[in-house]
Amino acid sequence: MGRIYSFNSSEFISDPEILETIGSRGARVMELASLGAPIAPGFILSNELLGEIVEDPSIAFDLYKKPIARMEQTLEKGFNDKDNPLLVKVAESPTLNMVRTLSSIHNIGLGDHTVDGFASFVGEGFAYHEYGNLVQKIIELELLTDVKQERAKKLQKYRDALKSATNQKTVKKDTVKQALDSGRDLFPEEIYTNTHEQLMYVVKIFHALFQASTSSVDSSLVVQGMVFGNFGKNSGFGNFYTHDIIEGENVISGEYFEQAFDAREKEGVSLQEVSKKFYKELERIGKELEKYFKEIRSVRFTVENGKLWVIDQQPVPNKSTQAEIKTLLDLHKEKVVDDEYVVQAIKPGRLSEILHAALDESSVRKFKSAAGGIAGAVGAAIGRVYFSTDSLLKAHKRAIQENQPADFILAMPSTFAEDVKAIEVAKGVLSSEGGYASHAPVVARSLGKVALVYPNARFLKNSMKIGDTEVKEGDYITLNVPYYEKPTIYFGAARLSKPTPEGSGLLEFLDIVQGQIEDFDVHANADQPKDAELSRTFNASGIGLCRTEHMFFADDRINTFRSMIIADSSEERAEVLEKLEPMQMDDFYQLFKIMKGLPVTIRLLDAPLHEFLPHTQDSMKSFVDFFREGHPKISEKEIRLRCDLLEEFNPMLGHRGIRVAVSYPEIYNMQIRAIFQAAYKLKADEGIDVVPEIMIPLVMTANELKTIRNGKRIEGKAIVGVEEIEEGVRKEMKVKDALDYKIGTMIELPAAALQADRIARYADFFSFGTNDLTQTTNGLSRDDFNNFFSDYNEFDLLEENPFKVLGEQVKEMIAIAAERGRLTRPDLDLGLCGEHGAEPENIPFAKDSGLNYVSTSPYGIPIAKLAIAQMNIKRREEGGESNN
Ligand code: PEP
Ligand code: MG
């Protein structure tokens, strides 16, 4: 025989085997009871029992006589009591978690015999509304069963009459009565006059529905006493979250609605206004729930006639990441959860919500929008749109002078070195060309700005068209680039929530994450002191990539750097380099100082040179004026001609990286000198030992690297080796002891990967430049690929963006290079510094191929760290190796 399971605040089922048979709602009620929450009493009819009752209804009353007596006693009401009736709700408790349109019926027990008694507590309007509604819901439930067409029609008509009678602002007793009378002949008279018969009728329909459905066939039914927040004085209804769901403060926060049945009825007041006694009890319940579920929960409660009842509790899907982390930290402090639990509870990409501003969805409901594009750098940004660096900088200056909001978005087909200063002051950048590994997104990520690549943006003169919307210079737009969902452009200024890394719990969270990281760790891609500092805040274990070309973007340097590029003799170039040397020395000094002896990998200049040349009339004019100050004899025409001569057909595969150093050795010479000067100076000033790591980009053959490392003399020309440069600096600075340093290379060409064994003879470390390696392995331009990626995606030819998720052949290149490199040099240090480093999906591969670290922009560090920690825990749990 099936079973009936009673529950109340002190009686519940905890046997897991039974819990499994009573469905999700039943289990939830038992959970609440077991946590000591004051829940209204009730009972569960197991599925088996339901069948038996339906077959022989006469057994029913005897079966639930006892639990009903307990309900009557606890709630101080009576089943079928005409003056103070006990009402119950019946709800499906599915074993499979299916959501049905009508899964519960409330207020069973309301009938001709009880409605006026009930009205004396809650008012006539409410009582009759609920009565009419109850019959209406019974009809709707029955309509879900296999009802004959003729009866269905009649039922629908009856339901409509009840609906219109109850759907009034002020519900009238007589109108509802009339509507009730209009269809009485459709049901046995007892369902209007006898609580038990009404209950049986509902039970039978539910049972028929379960039988007819594949998903609900073994559902149970929960029958529970109703309580009312509008039950006269000392009654009310409320809901609260167990932690604040935005800021994450450890307080219960919510609303209380006095003398109201639910939140729709009245304006609420702050939860604090509920009586002290109840507040304390709710706090206690909140704590218990959090301890049990290990997360924030939402709780509904009712106070009926001075008695507190918890109605339900649920998870909170829309809590902020900050709230989630702070709750975990509180639970961790209370020893409810351990380190591993905390680390595993947060999806890595969710951290971006703390690191960047997030969109307040409610502020854009009425905005026109355009979805799609490639997420270049996550976050949300609002600003007035400007279509060139010059115009944006001017507008920015004006805004500051006039004390106006200085929120700007740079919108251009693509950006170059000279646009970095605009990206720096802007909130975000919108481009149409390129993709994830292109200039605008890479720079935006390193500066913590938002970037969206929207291939369908059409740039016109001083405006752009996105779909059929034209955006003019100065118009506001909002970029929303979330981590896990599609990006969207909103045409207007939205509201954003500010990022709050400090005080958000992120740093304490990262400390716990760090405990799960062993020797495979995260370095930073950082070239500015503030990036280095931020990376230390996030526990970066070194700088894995300092792109030195980024150091020349600043306003006061770019023209000097340009003069160096267009110099037409070594002497002229050496003269400019002499000016740049102290600037570079200072740059490196600051980075070394911030990193306090941690590894700092400095990549020598790598950029197609023409990228640095002026691209607009204004910047050309500024450069011409600058250059002619030092070289009055050189005409503007000549300057322009020298710039033009640097244009290449295919600059990414052209004169860049080590190739520039072969043509102009004095450039690397200056940078290497600056590195050693900085290291020796820091040792002298602060006693900090730095082991500089000098990294040579775009190496294709072992001999190239050998030449830069050891030097080479040919007739009339020489490349000075690193050792000789170091000796020179040491002598100049009168330093006695030579410091240790490393020379390594980026592996970003298949040719380099395949001959890694030979290259390793001259390299102390490799760092995989997976942006270029993806470009060169696949023959895919990192800047043009997105023009056709969507077509490839549509035809299922490429599932993932290979500039984000490492492709199979690129992985093979890395694995080959790692293996061959270590054959020559077993202690070869290996890292990955392309944009792939911040993508959690690439982490297991990177570790498994023997890499020692990934390096990513500062804002990617927390995400990569969390991904590593989660991987380590998962592997330990699966019984595999952890780290090493
Ligand atoms: C790379 O190619 O992956 C890399 C890190 O270098 P860059 O992006 O500067 O070319
Ligand atoms: Mg590269």
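Just so you know, these numbers come straight off a predicted model, no measurement behind them.

**What to know about the overall build of the protein chain**
Okay, so step 1: When helices and strands are tallied, the protein chain shows 33 helices and 33 strands.
Okay, so step 2: Taken over the C-alpha atoms alone, the protein chain extends approximately 115 × 60 × 55 Å along its principal axes.
Okay, so step 3: Going through the 884 residues of the protein chain one by one, you find that 57% of them count as buried.
Okay, so step 4: The long-range fraction of contacts in the protein chain, counting pairs at least 24 apart against all pairs at least 6 apart in sequence, stands at 70%.
Okay, so step 5: Surface accessibility of the protein chain: about 38500 Å² in total, with carbon and sulfur atoms responsible for 48%.
Okay, so step 6: In the protein chain, 105 side chains carry a positive charge and 135 a negative one; their mean positions are 3 Å apart.

**Some thoughts on the site of ligand 1**
Okay, so step 1: Surveying the vicinity of ligand 1 reveals 13 residues, the closest of which are Arg547, Arg603, Gly769, Asn771 and Arg782.
Okay, so step 2: Take Glu748: an N or O atom from its side chain is 3.0 Å from an oxygen atom of ligand 1.
Okay, so step 3: When ligand 1 sits alone it has 290 Å² of accessible area, and the protein chains cover 95% of it.
Okay, so step 4: Contributing elements (two or more residues each) for the shell around ligand 1: strand 25 (543-547) and helix 29 (770-778).
Okay, so step 5: Grouping the constituent residues of the shell around ligand 1 by class yields three nonpolar, four polar and six charged.

**A word on the coordination of the magnesium ion (ligand 2)**
Okay, so step 1: For the magnesium ion (ligand 2), every protein donor is listed as Glu748 (OE) and Asp772 (OD), and the spread of their distances is 2.0 to 2.2 Å. Linking Glu748 in the loop between strand 30 (742-747) and helix 27 (750-754) with Asp772 in helix 29, this pair joins segments that are 24 residues apart in sequence.
Okay, so step 2: By relative accessible area, which is 2% here, Glu748 ends up buried.
Okay, so step 3: Relative accessible area serves as the criterion here: at 4%, Asp772 is assigned to the buried category.

**Considerations on the pattern of salt bridges**
Okay, so step 1: All told, the structure shown has 54 salt bridges when counted by the stated rule.
Okay, so step 2: For Arg562, the salt bridge identified is with Glu418, shortest N-O distance 3.0 Å. Note that Arg562 is positioned in helix 19 (residues 555-566) and Glu418 in the loop between strand 15 (408-412) and helix 15 (420-425), a separation of 144 residues in sequence. Note on accessibility: Arg562 and Glu418 belong to one class, buried.
Okay, so step 3: When salt bridges that share partners are traced, they join Glu549, Arg603, Asp606, Arg656, Asp772 and Arg782 into one network.

**Some points on unusual backbone geometry**
Okay, so step 1: Its identity is not glycine, yet Glu76 carries a phi of approximately 55 degrees, on the positive side.
Okay, so step 2: Mapping Glu76 onto the fold places it in the loop between helix 4 (60-75) and strand 3 (88-93).
Okay, so step 3: Residue Gln259 is not a glycine yet carries a positive backbone phi of 50 degrees.
Okay, so step 4: Relative to the elements of secondary structure, Gln259 occurs in the loop between strand 7 (253-258) and strand 8 (269-270).

**Some remarks on the nonpolar core**
Okay, so step 1: Of all hydrophobic cores here, the largest spans 146 residues; its most connected members are Phe592, Phe766 and Phe768.
Okay, so step 2: The biggest single contributor to this core is helix 24 (residues 665-686), with 11 residues.
Okay, so step 3: Residues contacting Phe768, with those up to four places away along its chain left out, are Ile747, Leu773, Ile814, Ala817, Ala818, Leu830, Gly831, Leu832, Cys833, Gly834 and Leu851.
Okay, so step 4: Grouped together as the second largest cluster of nonpolar side chains are 65 residues, Phe118, Ala119, Val223 and Phe261 included.

**Description of helix 6 (residues 124-143)**
Okay, so step 1: The terminal C-alpha atoms of helix 6 lie 29 Å apart, and with 20 residues this matches the ideal 28 Å at 1.5 Å per residue to within 8%.
Okay, so step 2: For helix 6, the buried fraction is high: 15 of the 20 residues fall into the buried class.

**Here we look at the side chain of Glu693**
Okay, so step 1: The residue Glu693 is located in strand 27 (residues 692-696) in this model.
Okay, so step 2: Overall, Glu693 belongs to the buried group, its relative accessible area being 5%.
Okay, so step 3: The residues touching Glu693, leaving out its near neighbours within four places in the chain, are Pro599, Val600, Thr601, Ile602, Lys742 and Phe765.

**Re the sheet that holds strand 15**
Okay, so step 1: Strand order across the open sheet formed by eight strands is 12-22-21-14-15-16-17-13, with mixed pairing between neighbours. A strand with exactly one partner marks an edge of an open sheet, and here the two such strands are strand 12 (369-371) and strand 13 (374-377). Taking each pair of neighbouring strands and ignoring which way they run, the sheet shows an average axis angle of 25 degrees.
Okay, so step 2: Sheet topology places strand 15 next to strand 16 (residues 428-431); four bridges connect them, and they run parallel. Bridge pairing in strand 16 links Ile409 to Gly428.
Okay, so step 3: With respect to the sheet, helix 14 (residues 389-401) is in contact with strand 14 (379-386) and strand 15, its orientation differing from that of strand 15 by roughly 170 degrees.

**Points about the sheet that holds strand 26 (residues 600-603)**
Okay, so step 1: The strand order 24-25-26-27-30-31-32-33 describes a closed barrel built from eight strands, whose pairing is parallel. On average, each strand axis in the sheet is inclined to that of its neighbour by 30 degrees, with strand direction left out of account.
Okay, so step 2: Contacting strand 30, strand 31 (765-768) and strand 32 (829-832), helix 31 (residues 808-824) runs over the sheet at an angle of about 180 degrees to strand 31.

**Re the pairing of strand 15**
Okay, so step 1: Within strand 15, five of the five residues are buried, leaving the element largely enclosed by the surrounding structure.
Okay, so step 2: Alternating residues of strand 15 divide into Phe408, Leu410 and Met412 and Ile409 and Ala411, and every residue in both groups is buried.
Okay, so step 3: Inspection of the sheet shows strand 14 paired to strand 15 by three bridges, in the parallel sense. Within the sheet, the bridge partner assigned to Tyr386 lies in strand 15 and is Leu410.
Okay, so step 4: In this fold, the crossover linking strand 14 to strand 15 by way of helix 14 has right-handed handedness.
Okay, so step 5: Tracing the backbone out of strand 15, into helix 15 and back to the parallel element strand 16 gives a crossover that is right-handed.

**A closer look at a nonpolar patch on the surface**
Okay, so step 1: A contiguous nonpolar surface patch, about 430 Å² in accessible area, is contributed by Phe788, Tyr792, Phe795 and Leu797.
Okay, so step 2: Take Phe795: it is sitting in the loop between helix 30 (786-794) and helix 31.

**With respect to a negative patch on the surface**
Okay, so step 1: A surface patch of like charges, here negative, comprises Asp796, Glu799, Glu800 and Glu841.
Okay, so step 2: By secondary structure assignment, the location of Glu800 is in the loop between helix 30 and helix 31.

**Looking at the environment of Pro802**
Okay, so step 1: By the element assignment, Pro802 lies in the loop between helix 30 and helix 31.
Okay, so step 2: Considering only alpha carbons, one finds Pro802 and Asn778, 24 residues apart in sequence, at a separation of 9.2 Å.
Okay, so step 3: Beyond its immediate chain neighbours, meaning those up to four positions away, Pro802 contacts Thr774, Leu780, Phe785 and His836.

**What to know about the packing of aromatic side chains**
Given two aromatic rings, their pairing is described by the distance between the two centres and the angle made by the two planes.
Okay, so step 1: Going through the model one piece at a time under the given rule, you end up with 26 aromatic pairs.
Okay, so step 2: Plain terms: the ring middles of Phe676 and Tyr741 are 4.9 Å apart, the flat faces sit at 75 degrees to each other, and that makes the pair edge-to-face. In this pair, Phe676 is assigned in helix 24 and Tyr741 in the loop between helix 26 (722-732) and strand 30, connecting sequence segments 65 residues apart.
Okay, so step 3: Among the residues examined, Phe676 registers a relative accessible area of 0% and is labelled buried.
Okay, so step 4: Each member of the aromatic cluster is reached from another via a ring pair, and the members are Phe118, Phe121, Phe126, Phe228, Phe231 and Phe261.
Okay, so step 5: Just above the ring of Tyr589 sits the side chain of Lys681; from NZ or CZ to the centre is 4.9 Å.

**Focus on the packing of helix 5 (residues 115-122) against helix 6**
Okay, so step 1: Put simply, helix 5 and helix 6 touch, their axes get as near as 7 Å, and they point 135 degrees apart. One way to sum up the angle between helix 5 and helix 6 is to call them oblique. Remark: the crossing between helix 5 and helix 6 carries right-handed chirality. Between helix 5 and helix 6, the contacting residues are Val115, Asp116, Phe118, Ala119 and Val122 on the first element and Glu124, Phe126, Ala127, Tyr128 and Tyr131 on the second.
Okay, so step 2: By residue class, the composition of the contact of helix 5 with helix 6 is eight nonpolar, no polar and two charged.

Each value, and the rule that gives it
Residues numbered from 1 in each chain as written. Chains lettered and ligands numbered in written order. Predicted model: local features only at pLDDT ≥ 70, side-chain atom pairs only at ≥ 80, totals over all residues. Heavy atoms only, no water. Helix = DSSP H or I, 4+ residues; strand = E, 2+ residues; numbered from the N terminus. Buried < 20%, exposed > 50% of the residue type's maximum accessible area, 1.4 Å probe, protein only. Contact = heavy atoms within 4.5 Å. Areas by Shrake-Rupley, 256 points an atom, 1.4 Å probe, with all protein chains shown as cover. Lys, Arg positive; Asp, Glu negative; His and termini not counted. Charge placed at Lys NZ, Arg CZ, Asp CG, Glu CD. Near = heavy atom within 4 Å. Polar contact = N/O pair within 3.5 Å; in protein donor to acceptor, adjacent residues only side chain to side chain. Nonpolar A, V, L, I, M, F, W, Y, C, P; charged D, E, K, R; others polar. Donors = N, O, S within 2.8 Å, 3.2 Å for Na, K, Ca; no water. Salt bridge = Lys/Arg side-chain N within 4 Å of Asp/Glu carboxyl O. Core = buried A, V, L, I, M, F, W, Y, C linked by side-chain atoms within 4.5 Å. Expected span 1.5 Å × (residues − 1). Pairing = 2+ DSSP bridges. Axes fitted to C-alpha atoms, helices over the stretch in contact; angles between N-to-C directions. Right-handed = clockwise from strand over helix to strand, strands pointing away. Patch = residues over 30% accessible without salt bridge, like charges linked within 9 Å, V, L, I, M, F, W, Y side chains within 5 Å. Phe/Tyr/Trp six-rings, centres within 6.5 Å; stacked < 30°, edge-to-face > 60°. Lys NZ or Arg CZ within 6 Å of the ring centre and 35° of its normal. Parallel < 35°, antiparallel > 145°, perpendicular 65-115°, else oblique. Left-handed = near helix turned anticlockwise from the far one by under 90°.

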